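Below are the chains, spelled out letter by letter.
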Amino acid sequence: MEDLSFIPNLLNGPLDVYRDTSSFDWKRLKLALEGDIQLLRLKYKIWHTLENDPLFAHNIVTPPVEEQKRITQMQLQKINQYKFLTDEIFNAGYMKRTRTLMTINEAVQSLAPSVSVKMAIGIYLFSNAILSLGTERHRQFYEATIKDRKYVASFALTEIAHGSDAKLMRTTSTYDPKTKEFVIHTPDFEAAKCWVGNLGKILCDILFFALFFHSLEIISEVFAFFSLSSYNARNV
Ligand SMILES: Cc1cc2nc3c(=O)[nH]c(=O)nc-3n(C[C@H](O)[C@H](O)[C@H](O)COP(=O)(O)OP(=O)(O)OC[C@H]3O[C@@H](n4cnc5c(N)ncnc54)[C@H](O)[C@@H]3O)c2cc1C
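- Recorded in UniProt for the chain, the comment headed Pathway (unreviewed entry) runs: "Lipid metabolism."

1. Notes on the overall build of the chain
Reasoning step 1: If you tally the helices and strands in the chain, you get eight helices and five strands.
Reasoning step 2: When its helices and strands are written in sequence order, the chain yields α-α-α-α-α-α-α-α-β-β-β-β-β.
Reasoning step 3: Expressed as a percentage of the 236 residues in the chain, the buried residues total 20%.

2. Quick look at the site of the ligand
Reasoning step 1: The full set of residues close to the ligand is I121, F155, A156, L157, T158, H162, G163, S164, D165, W195, V196 and G197.
Reasoning step 2: The residue inventory of the shell around the ligand, partitioned by class, reads six nonpolar, five polar and one charged.

3. Re the packing of helix α6 (residues 94-111) against helix α7 (residues 113-133)
Reasoning step 1: The interhelical angle for the contact between α6 and α7, taken along N-to-C directions, is 155°, at an axis separation of 7 Å. By the criterion of interaxial angle, the relationship of α6 to α7 is roughly antiparallel. Judged by residue contacts, L101, N105, V108 and Q109 of α6 engage P113, V115, S116, M119, A120 and Y124 from α7.
Reasoning step 2: Residues belonging to the contact of α6 with α7 are distributed by class as follows: seven nonpolar, three polar and no charged.

4. A word on helix α3 (residues 37-51)
Reasoning step 1: Between its terminal C-alpha atoms α3 stretches 21 Å, which fits the 21 Å expected from 15 residues at 1.5 Å a residue.
Reasoning step 2: Burial in α3 covers these residues: L40, L42, I46 and L50. Along α3, the residues classed as buried sweep out an arc of 155° about the axis, all on the same side. Exposed and oriented more than 90 degrees from the buried face of α3 are Q38, H48 and E51.

5. Structural notes on the environment of D3
Reasoning step 1: By secondary structure assignment, the location of D3 is in the segment before α1 (16-19).
Reasoning step 2: The exposure class of D3 is exposed, given the 7 C-beta atoms found within 10 Å.
Reasoning step 3: Spatially, the C-alpha atom of D3 lies 9.4 Å from that of I37, the residues being 34 residues apart in sequence.

6. Things to note about the nonpolar core
Reasoning step 1: Core analysis: the largest hydrophobic core is formed by 31 residues, its most contacted members being I46, V108, A153, F155, A156 and L207.
Reasoning step 2: Breaking this core down by element, the ones donating at least two residues are α3, α4 (65-82), α6, α7, α8 (139-146), β1 (153-156) and β4 (205-214).
Reasoning step 3: Ranked by the residues each element gives to this core, the list is headed by α7, at six residues.
Reasoning step 4: Taken domain by domain, the makeup of this core includes at least three residues from each of domain 1 (15-136) and domain 2 (154-227).
Reasoning step 5: Setting aside residues no more than four positions away along its own chain, V108 makes contact with I46, I79, V115, S116 and M119.

Calculation notes
- Note on numbering: residues in each chain are counted from 1, in written sequence order.
- Restriction of local features to residues with pLDDT of at least 70 applies here, the model being predicted, together with a cutoff of 80 or more for giving and counting side-chain atom pairs; totals for whole chains, interfaces and linings are based on all residues.
- UniProt positions are given in the numbering used here, feature names are shortened, and annotations may be inferred rather than shown by experiment.
- For helices the rule is a DSSP run of H or I covering at least 4 residues; for strands it is a run of E covering at least 2, with both sets numbered from the N terminus onward.
- Working definition of burial: number of other C-beta atoms within 10 Å of the residue's own, with buried at 20 or more, exposed at 12 or fewer, and partly exposed in between, all C-beta atoms being placed from the backbone.
- Nearness here has a simple definition: the residue's C-beta atom, placed using the backbone, must lie within 6 Å of the molecule or strand.
- Each residue receives one of three labels: charged for Asp, Glu, Lys and Arg, nonpolar for Ala, Val, Leu, Ile, Met, Phe, Trp, Tyr, Cys and Pro, and polar for the others, Gly being one of them.
- Geometry is summarised by axes, namely lines fitted to C-alpha atoms with helices restricted to the contacting stretch, and by angles between N-to-C directions that run from 0 to 180 degrees.
- Under this scheme an angle from 65 to 115 degrees is roughly perpendicular, one under 35 degrees roughly parallel, and one over 145 degrees roughly antiparallel; angles in between are oblique.
- Residues are treated as contacting if the C-beta atoms built from their backbones sit within 7 Å of each other.
- Take the number of residues in a helix, subtract one, and multiply by 1.5 Å to get its expected span.
- Read the arc as the range of directions from the helix axis to the C-beta atoms.
- Here, a nonpolar core denotes buried Ala, Val, Leu, Ile, Met, Phe, Trp, Tyr and Cys residues that are linked to one another through C-beta atoms within 7 Å.
- Residue ranges for the domains trace back to a domain assignment, done automatically or taken from a database.

Below, the structure written as structure tokens:
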């Protein structure tokens, strides 16, 4: 049987009398629900680390929104420094890596939900889109985002008049061969990008979705551009 002594015992209290009559070990149930002892260990490591970090202490008074955003950004940087995703897991293959990233996000979510959303959009959603839509030369940005935490991005897909169905998108990108530039055009308010998480304050990097035109002919239904602050977008 696995050693579950890393799971702290519950604090004593009025429920003890009922817990003592339990016919099963709640720690074993916890392990069964998590499904993997290494991941359960990782969750407790994260909780223990963040509980001991004053930056993650809960405020008794809710700070103003601007201050909440500042704290959330600092918390994200701190989580990046903790490197909960080890090099070993990063190199272990997509399934294991993704499951571990989800475990990290679940653990962070229960202590600091705002950071969890910031990570989910700015790191995981962004890097997975690069992996699935990009080519071999984009792989470096996946690694730089997931492993080195060099980029935190925005994800600009949703428009005012649609969300779930990306095919209804009406923002266009037209390639101009003379200037070798893409002209991004929002035809009207309904096609305006909205809900672009991370965009307001801290963001320099963005993944932007638009219909792709060349000489007024649709080339692909949805095209993803990404622009990274510390990288020349023309080379991407
Ligand atoms: C907190 C938050 C953060 C977000 N961050 C981002 C972000 O960073 N970047 C970004 O691009 N977007 C972001 N979004 C937008 C989010 O992805 C959209 O809200 C989502 O795609 C749903 O779109 P919608 O709100 O327009 O709803 P709609 O697409 O209008 O859907 C409304 C309802 O209709 C249902 N529905 C829609 N189409 C169908 C269909 N064909 N058949 C049956 N049912 C259907 C949906 O399930 C839903 O219940 C964010 C949203 C939230 C709430």
